[in-house]
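Fold and geometry: a report
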Amino acid sequence: MTEASGDTVARRTRGLDRAFEILEFLRVKRRPMRPNEIAAEIGAPRSSIYELVNLLLNHGMLDYQGGDGRVFLGRRLYFLGTAYAEQFDLMRECDRMLVHLAEETRETAQMCLLEGNKYTVAMMREGIRPFRISSNVGELVSIPWTASGRLLVSNLSDQEILGLIPPEDFVLPNGRRLEPADFIAQVRQAARDGYFTFNSEVENFTHCLAVPIYQADGACIATLCLVAPREDGLRNRAAYLDSLLNAAQEISEKLGFNSLSRRASTSRV
């Protein structure tokens, strides 16, 4: 490969990285924005952002929305997401289980994941209640604020956990700082128990229950959760955990996870 062709490949790679950065930025912002606003917020040259935005518009990855030249995620991404969901068994199985959990418990059921160094609700089914308990699907939340966060980082070492979570994310919504050592102790206990429950740090009237979904190598790749009014969650804790654990075990086994092997390995720790 000549030096000139190598430079061309490098420029295209940087352009592709920047295009994905634009899409991810709009996903997180969840509102239409003008290209010059995008450039300012991600710290990129306006000329390159305008060029990439036009390219993404031409391919249907972005659409004009809201007037004034503002753009947002395009309809073609919906079709790509649909094709992904059709082939990814985890998403399909979790959706089925969320429907079952919401009907069985009458509580809001969620499937949660890590998104970079944050937690997010990837899928949700609302419970049958006279008032609504829900979260914004796709919203990024600090890992220590959540019950699922203790499970989703459980396969990491202590140093990896501290390297992943920004120091400011240990400050809880009420202003109290959760000591990293205490959080890590909770992570290790949650891994031994196979679940984590607590009164929500985000919604002060709810109780959250989370259980892990394991892939074949034993790493937690997602969680199933129930979010209930605090009194109901505490009163029905055992029954809700039983429902969650049965659902998560079924999905984990379909992903090739051997629960007997994990129990044996955990008992040796």
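Residue numbering note: each chain is counted from 1, following its sequence as written. In keeping with the model being predicted, local features are shown solely for residues with a pLDDT of at least 70 and side-chain atom pairs are shown and tallied solely at 80 or more, while totals for entire chains, interfaces and linings include all residues. Note that water and hydrogens are dropped before the side-chain values are worked out from all heavy atoms of the structure.

Attention shifts here to the nonpolar core. Ranked by internal contacts, the top residues of the largest apolar core, which has 27 residues, are Tyr119, Ile143, Ala147, Val153, Ile161, Ile165 and Phe183. The numbering of helices and of strands both runs from the N terminus, where a helix is a DSSP run of H or I of at least 4 residues and a strand a run of E of at least 2. Elements represented by at least two residues in this core include exactly strand S4 (118–125), helix H6 (147–152), helix H8 (180–193), strand S6 (196–199), strand S7 (206–214) and strand S8 (220–229). Among the elements that make up this core, the one with the highest residue count is H8 (four residues). We call two residues in contact whenever any of their non-hydrogen atoms come within 4.5 Å of each other. Apart from residues no more than four positions distant in its own chain, Ile143 is found in contact with Leu114, Asn117, Lys118, Tyr119, Gly149, Arg150, Val153, Leu164, Ile165 and Phe183. In terms of nonpolar packing, the next biggest core, distinct from the first, is built from 22 residues, Cys94, Tyr240, Leu241 and Ile251 among them. The set of buried Ala, Val, Leu, Ile, Met, Phe, Trp, Tyr and Cys residues whose side-chain atoms join them within 4.5 Å is what this entry labels a nonpolar core. A 1.4 Å probe rolled over the protein chains alone gives each residue an accessible area, and that area as a share of the maximum for its type sets the label: buried under 20%, exposed over 50%, partly exposed in between.

Turning next to the confidence of the model for the protein. The predictor attaches a confidence to each residue, called pLDDT, with possible values from 0 through 100. Per-residue confidence for the protein gives a mean pLDDT of 85, with 87% of residues at or over 70. Within the protein, the element-level pLDDT minimum falls on helix H11 (residues 259–267), averaging 48, and the maximum on H8, averaging 96.

Here Ser154 is to be found in the loop between H6 and helix H7 (158–164). Sequence separation of Ser154 and Arg188 is 34 residues, and the distance between their C-alpha atoms is 6.7 Å. Every residue in contact with Ser154, bar those within four places of it in the chain, is listed here: Val187, Arg188, Ala191 and Cys220. At a separation of 2.7 Å, a polar atom in the side chain of Ser154 contacts the main-chain carbonyl oxygen of Leu151. Any N or O atom pair separated by 3.5 Å or less is treated as a polar contact, with the protein-specific requirement of one donor-capable and one acceptor-capable atom, and with residues adjacent in sequence counted only for side-chain atom pairs.

Relative to the helices and strands, Arg18 is located in helix H1 (residues 3–29). Arg18 gets classed as partly exposed once you look at its relative accessible area, which sits at 24%. Considering only alpha carbons, one finds Arg18 and Ile49, 31 residues apart in sequence, at a separation of 8.1 Å. Sequence-distant contacts of Arg18, that is, excluding residues within four places in its chain, are made with Ile42, Ala44, Pro45, Ile49 and Leu52. A polar atom in the side chain of Arg18 sits 2.9 Å from the side chain of Glu21.

A few words on the pairing of S4. Two strands pair if DSSP finds at least two bridges between them. Sheet topology places strand S3 (residues 108–115) next to S4; seven bridges connect them, and they run antiparallel. By the bridge assignment for S4, Glu115 is matched with Lys118. The antiparallel pairing of S3 with S4 creates a hairpin that spans two residues between the two strands, and Gly116 there sits at a positive phi of about 65°. As defined by bridge partners, S4 adjoins strand S5 (residues 141–142) across two bridges and the pair is classed as antiparallel. By the bridge assignment, Lys118 is partnered in S5 with Ser142.

Right, let's talk about helix H5 (residues 89–105) for a bit. Quick reminder: α-helices carry 3.6 residues per turn. Residues three or four places apart thus point the same way. With 17 residues, H5 extends 24 Å between its outermost C-alpha atoms, agreeing within 8% with the 24 Å of an ideal straight helix rising 1.5 Å per residue. Regarding H5, the residues found buried are Leu90, Met91, Glu93, Cys94, Met97, Leu98, Leu101, Ala102 and Thr105. Projected down its long axis, H5 shows its buried positions confined to an angular sector of 165°, all on one face. Looking at the residues trailing H5, positive phi occurs at Arg106, about 70°. One fewer than the residue count of a helix, multiplied by 1.5 Å, yields its expected span. Directions are taken from the helix axis to each C-beta atom, and the arc is the one they span.

Bringing the pattern of salt bridges into the picture now. Salt bridge criterion: a side-chain nitrogen from Lys or Arg within 4 Å of a carboxyl oxygen from Asp or Glu. Taken as a whole and judged by the stated rule, the model has 15 salt bridges. Between Glu93 and Arg96 there is a salt bridge whose closest N-O contact spans 2.7 Å. In this pair, Glu93 and Arg96 both sit in helix H5, three residues apart, roughly one turn of the helix. Here Glu250 and Arg96 are joined by a salt bridge, their closest N and O atoms 3.0 Å apart. In this pair, Glu250 sits in helix H10 (residues 237–254) while Arg96 sits in helix H5, placing the two residues 154 residues apart along the sequence. Residue Glu250 is classed as partly exposed on the basis of its relative accessible area of 32%. Salt bridges sharing common partners tie together Glu93, Arg96, Glu250 and Lys254.

Moving on: unusual backbone geometry. A positive phi angle, near 60°, is found at Arg30, a position not held by glycine. On the secondary structure map, Arg30 appears in the loop between H1 and helix H2 (35–42). On the basis of relative accessible area, Arg30 is assigned to the partly exposed category, the value being 45%. Its identity is not glycine, yet Arg106 carries a phi of approximately 70°, on the positive side. The topology assignment puts Arg106 in the loop between H5 and S3. For Arg106, a relative accessible area of 46% gives the class partly exposed.

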